[in-house]
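Next come the chains, spelled out residue by residue.
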Amino acid sequence: MSNVLFDTPGPRARARHRIFAGLGILVLVGIVAYVGWRFYDSGQFTARKWEWIQYTQIQEDLISAVLATLQAFALGAVLALLFGAIFAAGRLSDHKSVRMVSGFVVELFRAVPLLILMFLFYYGLPSVGIRMSPYMAVVLGLMLYNGSVLAEVFRAGIQALPRGQAEAAYALGMRKTQVMVLILLPQALRSMMPTIISQLVVLLKDTALGFLITYEELLRFAQRIGGDGLFSRPFVPTALVVAAIYIGLCLLLTWLANYLQKRERRSKKHIELEGGPSRELEAAGLAGRTSGN
């Protein structure tokens, strides 16, 4: 049995793949063990290097840094999703002028690095009399860059749907807005969900760039505590703690997305009828006929 891109591996190929996978795991474990031993040998795990985390004020500062990271992520994610949805609709518009303007905006902000956007908002706008807080500079940069990427994700997801879905809805007398909201988007979101979550994870990690414009988030906290001579400059311990927090936040976001996706699939509103149209299409058709009457 073959696939479009590759042939299904046979018994020997599968055994070879298992061997390569095992060797890869061993190499990775060896690298991690070597790095850990070097940290231990250089005294990074001594009590002196870790006593900073026992102080109440530092713990409160760490919590504040986590909250600042989550605040920038939350607002940036909501605005990026809205930005992406609006400009994806613009790129799919029937009007050429709207498509051109939307395409220019999306391609522009996809091409400009996020860090440059943050620098322009925080350091560039004051030169023309517009002052912006580090928080707003970070959020706007996250919105424009990640929203442009999400706009292309939304557009590709909608265009990947079979054309018969929209044609059937138009045949029932539905308007384009109804077709997009009731028919295309619910189906496209399910297929796009892994890509959307991946981009939101990227957005969460991109909040770390805010430390370059003095935004008090997790990386800024690690830089400040890690360079403190009072605790023998525990840069590695603080970096490990902050990295663990980032990993935990990303895993939590992924878990939440998977939970919502499974819950949405179990919903009675999205049960696919075998060998026929989905219930969503039938419901949308009824809604279209009702609105037409």
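Residues numbered from 1 in each chain as written. Predicted model: local features only at pLDDT ≥ 70, side-chain atom pairs only at ≥ 80, totals over all residues. Heavy atoms only, no water.

For the coordinates displayed, the defined rule picks out 7 aromatic pairs. Between the aromatic rings of Phe 119 and Tyr 123, the centroid separation amounts to 5.5 Å while the plane-to-plane angle is 70 degrees, which identifies the pairing as edge-to-face. Linking Phe 119 with Tyr 123, this pair stays in helix α5 (residues 114–124), spanning 4 residues, or about one helical turn. Accessibility expressed as a relative area gives 34% for Phe 119, which makes it partly exposed. In this structure Tyr 123 comes out as partly exposed when scored by relative accessible area, which is 47%. With centroids separated by 6.0 Å and ring planes inclined at 40 degrees, the aromatic side chains of Tyr 135 and Tyr 215 adopt a geometry described as tilted. Of this pair, Tyr 135 sits in helix α6 (residues 134–159) while Tyr 215 sits in the loop between α8 (176–206) and α9 (218–226), and the two are 80 residues apart along the sequence. On the basis of relative accessible area, Tyr 215 is assigned to the buried category, the value being 8%. Ring pairs connect the aromatic residues Phe 119, Tyr 122 and Tyr 123, which therefore count as one cluster. (Phe/Tyr/Trp six-rings, centres within 6.5 Å; stacked < 30°, edge-to-face > 60°. Helix = DSSP H or I, 4+ residues; strand = E, 2+ residues; numbered from the N terminus. Buried < 20%, exposed > 50% of the residue type's maximum accessible area, 1.4 Å probe, protein only.)

The next subject is the confidence of the model for the protein. The predicted model of the protein averages 83 in pLDDT, with 88% of residues at 70 or higher. Confidence, expressed as mean pLDDT per element, reaches its minimum in the protein at helix α11 (residues 279–292) with 44 and its maximum at α5 with 93. Ignoring residues within four places in sequence, the model shows residues 270–293, a span with pLDDT below 50, making 30 contacts including any to other chains. (pLDDT = per-residue confidence, 0-100. Contact = heavy atoms within 4.5 Å.)

Another point: the nonpolar core. Judged by nonpolar contacts, the single largest core of 50 residues is most densely connected at Phe 73, Val 138, Leu 144, Val 179, Leu 184, Ile 196 and Leu 200. Elements with a minimum of two residues in this core: α3 (56–91), α4 (96–111), α5, α6, α7 (163–171), α8 and α10 (235–266). If you tally residues by element for this core, the top one is α8, at 12 residues. Here Leu 200 is in contact with Phe 73, Ala 77 and Leu 253, once residues within four sequence places are set aside. Within the second largest apolar cluster, 14 residues are counted, among which are Ile 58, Leu 218, Phe 221 and Tyr 246. (Core = buried A, V, L, I, M, F, W, Y, C linked by side-chain atoms within 4.5 Å.)

Looking at the element boundaries, Thr 238 is found in helix α10. By relative accessible area, which is 0% here, Thr 238 ends up buried. Thr 238 has contacts with Trp 52, Ala 222, Ile 225 and Gly 226, leaving out every residue within four places of it along the chain.

Listed in full, the buried residues belonging to α9 are Leu 218, Phe 221, Ala 222, Ile 225 and Gly 226. All buried residues of α9 project into a common sector of 115 degrees when viewed along the axis, lining one side. Sitting at the amino-terminal end of α9 is Glu 217, which places a side-chain oxygen 2.9 Å from the backbone nitrogen of Leu 219. (Arc of directions from axis to C-beta. Polar contact = N/O pair within 3.5 Å; in protein donor to acceptor, adjacent residues only side chain to side chain.)

Among the structural elements, Leu 251 can be located in helix α10. The class for Leu 251 is exposed, based on a relative accessible area of 58%. In sequence terms Leu 251 and Val 201 are 50 residues apart; their C-alpha atoms lie 8.9 Å from each other.

Orientation of α5 relative to α6, taken along the N-to-C sense of each, is 140 degrees, at an axis distance of 8 Å. Overall, the two elements α5 and α6 adopt an arrangement that is oblique. Here the hand of the crossing between α5 and α6 comes out right-handed. Contacts between α5 and α6 involve Leu 114, Leu 117, Met 118, Phe 121 and Tyr 122 from the former and Pro 134, Ala 137, Val 138, Leu 140, Gly 141, Leu 142, Leu 144 and Tyr 145 from the latter. When the residues that make up the contact of α5 with α6 are grouped by side-chain class, the tally is 12 nonpolar, 1 polar and no charged. (Axes fitted to C-alpha atoms, helices over the stretch in contact; angles between N-to-C directions. Parallel < 35°, antiparallel > 145°, perpendicular 65-115°, else oblique. Left-handed = near helix turned anticlockwise from the far one by under 90°. Nonpolar A, V, L, I, M, F, W, Y, C, P; charged D, E, K, R; others polar.)

Moving on, we get to the environment of Ala 166. Mapped onto the elements, Ala 166 comes out in helix α7. The buried category is assigned to Ala 166, whose relative accessible area is 16%. Sequence separation between Ala 166 and Lys 176 is 10 residues, and the spatial gap between their C-alpha atoms is 8.7 Å. In this structure, Ala 166 is in contact with Val 179 and Leu 184, ignoring residues within four places of it in sequence.

Turning to the packing of α4 against α6, a few remarks are in order. For the pair α4 and α6, interaxial distance at closest approach is 8 Å and the crossing angle is 125 degrees. Compared by their axis directions, α4 and α6 come out oblique. Along this stretch, α4 crosses α6, giving a crossing that reads as left-handed. Contacts between α4 and α6 pair Val 105, Val 106, Glu 107, Phe 109 and Arg 110 from the former with Leu 144, Tyr 145, Ser 148, Val 149, Ala 151 and Glu 152 from the latter. Tallied by class, residues from the contact of α4 with α6 come to 7 nonpolar, 1 polar and 3 charged.

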